[in-house]
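Okay, here's what each chain looks like letter by letter:
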Amino acid sequence: MVNRRRFLTLSSLAGLLPSLSFGRSKPTIIGASNSLSPINMTTASPPTATPMIISTWKQPKANAAAQAILDRDGRALDAVEAGVRVPEADPDDMSVGYGGRPDRDGHVTLDACIMDDKGNAGSVTFLESIMHAISVARAVMEKTPHVMLSGEGALTFALSQGFKKENLLTKKAEKEWREWLKTARYKPIANIERHDTIGMLAIDNQGNISGACTTSGMAYKMRGRVGDSPIIGAGLFVDNEIGGACATGLGELVMRTCGSFLVVELMRQGRTPQQACEEAALRIVKKQDFKDIQVGFLAVNKKGEHGAFSIQPGFSYTLSRNKQTQVTDAKSYLK
Ligand code: SD4
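Thresholds, definitions, all that
Within each chain, residues carry numbers counting from 1 in the order of the written sequence. Thresholds applied to this predicted model are a pLDDT of at least 70 for local features of residues and 80 or more for the giving and counting of side-chain atom pairs; totals over whole chains, interfaces and linings are not thresholded and use all residues. Secondary structure follows DSSP: runs of H or I at least 4 residues long count as helices, runs of E at least 2 residues long count as strands, and numbering of each begins at the N terminus. To assign burial, the other C-beta atoms lying within 10 Å of each residue's own C-beta are counted, with C-beta atoms placed from the backbone; 20 or more indicates buried, 12 or fewer indicates exposed, and intermediate counts indicate partly exposed. What counts as a contact is two residues whose backbone-derived C-beta atoms lie within 7 Å of each other. Whenever a helix is involved, its axis is fitted only over the stretch in contact; in every case the axis is a line through C-alpha atoms, and angles between N-to-C directions fall within 0 to 180 degrees. Put simply, angles under 35 degrees are roughly parallel, angles over 145 are roughly antiparallel, angles from 65 to 115 are roughly perpendicular, and the rest are oblique. By convention, the crossing between two helices is left-handed when the near helix turns anticlockwise from the far helix through less than a right angle, and right-handed when the turn is clockwise. Amino acid classes used here: Ala, Val, Leu, Ile, Met, Phe, Trp, Tyr, Cys and Pro are nonpolar; Asp, Glu, Lys and Arg are charged; the rest, including Gly, are polar. DSSP-based pairing: two strands are paired if at least 2 bridges between them are found. Summary of the metric used: pLDDT quantifies the predictor's per-residue confidence within the range 0 to 100.

1. Observations concerning unusual backbone geometry
Phi is positive for A184, which is not a glycine, with a value near 50°. Tracing the backbone shows A184 in the loop between α6 (171–181) and β5 (198–203). The exposure class of A184 is exposed, given the 8 C-beta atoms found within 10 Å. Backbone geometry at N322 places phi at a positive 50°, although glycine is not the residue there. On the secondary structure map, N322 appears in the loop between β11 (316–321) and β12 (324–329). Judged by local crowding, N322 falls into the exposed class, with 9 C-beta atoms found within 10 Å.

2. Side note on the environment of M218
Structurally, the position occupied by M218 is in the loop between β6 (209–215) and β7 (236–239). You can call M218 buried: it has 21 C-beta atoms within 10 Å. As for M218 and D103, which are separated by 115 residues in sequence, their C-alpha atoms are 7.7 Å apart. Not counting the four nearest positions on each side in its chain, M218 is found in contact with P188 and G227.

3. A short note on the packing of helix α2 (residues 60–71) against helix α3 (residues 76–89)
Orientation of α2 relative to α3, taken along the N-to-C sense of each, is 155°, at an axis distance of 7 Å. Relative to α3, the element α2 is oriented roughly antiparallel. Regarding α2 and α3, the two cross each other, and that crossing is right-handed. On α3, the residues that touch K61, A62, N63, A65, A66, I69 and L70 of α2 are D78, A79, V80, A82, G83, V84, V86 and P87. Each residue belonging to the contact of α2 with α3 can be placed in one class, and the counts come to 11 nonpolar, 2 polar and 2 charged.

4. A short note on the sheet that holds strand β2 (residues 110–115)
Pairing in this open sheet of 8 strands is mixed, and the strands run β4-β3-β2-β6-β5-β1-β11-β12 from one edge to the other. Strands with a single pairing partner mark the edges of an open sheet, and in this sheet they are β4 (148–150) and β12. Ignoring strand direction, the axes of neighbouring strands in this sheet form an average angle of 10°. In the packing of α3 onto the sheet, contacts are made with β1 (52–56), β2, β5 and β6, and the angle to β6 comes to roughly 20°. Contacting β3 (121–127) and β4, helix α5 (residues 151–160) crosses the sheet at an angle of about 105° to β4.

5. Structural notes on the sheet that holds strand β9 (residues 295–301)
With respect to topology, 5 strands assemble into an open sheet ordered β7-β8-β9-β10-β13, the strand pairing being mixed. A strand with exactly one partner marks an edge of an open sheet, and here the two such strands are β7 and β13 (331–332). Taken strand by strand, helix α8 (residues 259–268) contacts β7, β8 (243–249) and β9, and its axis lies near 145° from that of β8.

6. Let's talk about the confidence of the model for the chain
Of all residues in the chain, 83% attain a pLDDT of 70 or more, and the chain-wide mean is 86. The low-confidence segment residues 1–47 (pLDDT under 50) makes 45 contacts with residues lying over four places distant or belonging to another chain.

7. Focus on the packing of α3 against helix α4 (residues 133–143)
As a packed pair, α3 and α4 sit with axes 8 Å apart at the nearest point and diverge in direction by 145°. Of α4, the residues touching α3 (which contributes E81, V84, R85 and E88) are A133, I134, S135 and R138. Per-class residue counts for the contact of α3 with α4 are 3 nonpolar, 1 polar and 4 charged.

8. Points about α4
Structurally, the α-helix is built with 3.6 residues per turn, so residues lying three or four positions apart point the same way. Of all the 11 residues making up α4, 9 are buried; the element is thus mostly covered by neighbouring parts of the structure. Along α4, the residues classified as buried are A133, I134, S135, V136, A137, R138, A139, V140 and M141. On its buried face, α4 sits against α3, β2, β3, β4, α5 and β6.

9. Some words on the pairing of β7
Pairing geometry for β7 and β8, over 4 bridges, is antiparallel. Note that in β8 the partner of F237 across the bridge is A245. Linking β7 back to β8 in an antiparallel pair, the connection comprises 3 residues.

10. Description of the environment of L149
Secondary-structure assignment places L149 in strand β4. Given 24 C-beta atoms within 10 Å, L149 falls into the buried group. For L149 and L127, which are 22 residues apart along the polypeptide, the C-alpha to C-alpha distance reads 8.7 Å. Not counting the four nearest positions on each side in its chain, L149 is found in contact with V124, V140, A154 and F157.

Written out as structure tokens, the structure reads:
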């Protein structure tokens, strides 16, 4: 709900603003100044007490695993790792971990990253044969001098840390892939990844924020393709002074705009999480061909306010706080 003071401020400024519509026509984008843009007029979530967890798509089980950590007064970092491990192990989640759809050559390749409240980050890209890519990313963060390990090097490192090698291609995913081979047309479909690829942000009892993001990437991608999910600043960014953000959808669009970093920086400039997500999505709309392509952003700030916005309708998110978990459809640019 827009509170009264805020509503009055906005209505008094509204006459000064150029008109903008969230229909199919191109919007007026106001630059990254502190000026009020029309997107400020959407509903902002009320500040709430921490702790909280927010994740992309419909992820109540993942949130519950994260919540269990927070309930024991655990760190947000441990919560997000535990949370996203749930879909990583779930063969029915076909965009992450075990059971993920393969690349066009039939290999399941994983991307993941994690960021803690101290600005540390770890990431793996193009990782094969290890179910919990997020835990490998965390090991990269905590046990190496690096931020990112890729492919064979990431696998070798994972094995050295005791991770087990296993076949991630399930019968179901293999069957779909063989079907796809008949036409072999790479055409990502908006929201096809729903309930799957997971970005998660959590705030713990101490008010500290961490985030995690893990995926098997776009189905039937070229071999070696890496998306936004393991890229710090694209698929995920956390600055414990300000907030955190994560992205889902077609990673190429997110990477070209440093999406999650942009959302956090907009919050630093004073935007609410909702405004920041909207402005980052509009940046993509303005500069890139987004027809039929989905990108969704989630954000939280230090106050526990959250935001969610996508280009296409159909993006949902799961929010847990005050012992309640709710799946909500995000607002979108296209209706
Ligand atoms: C990628 N962003 O690899 C991921 C895919 C995704 O929901 O989020 N799908 O581009």
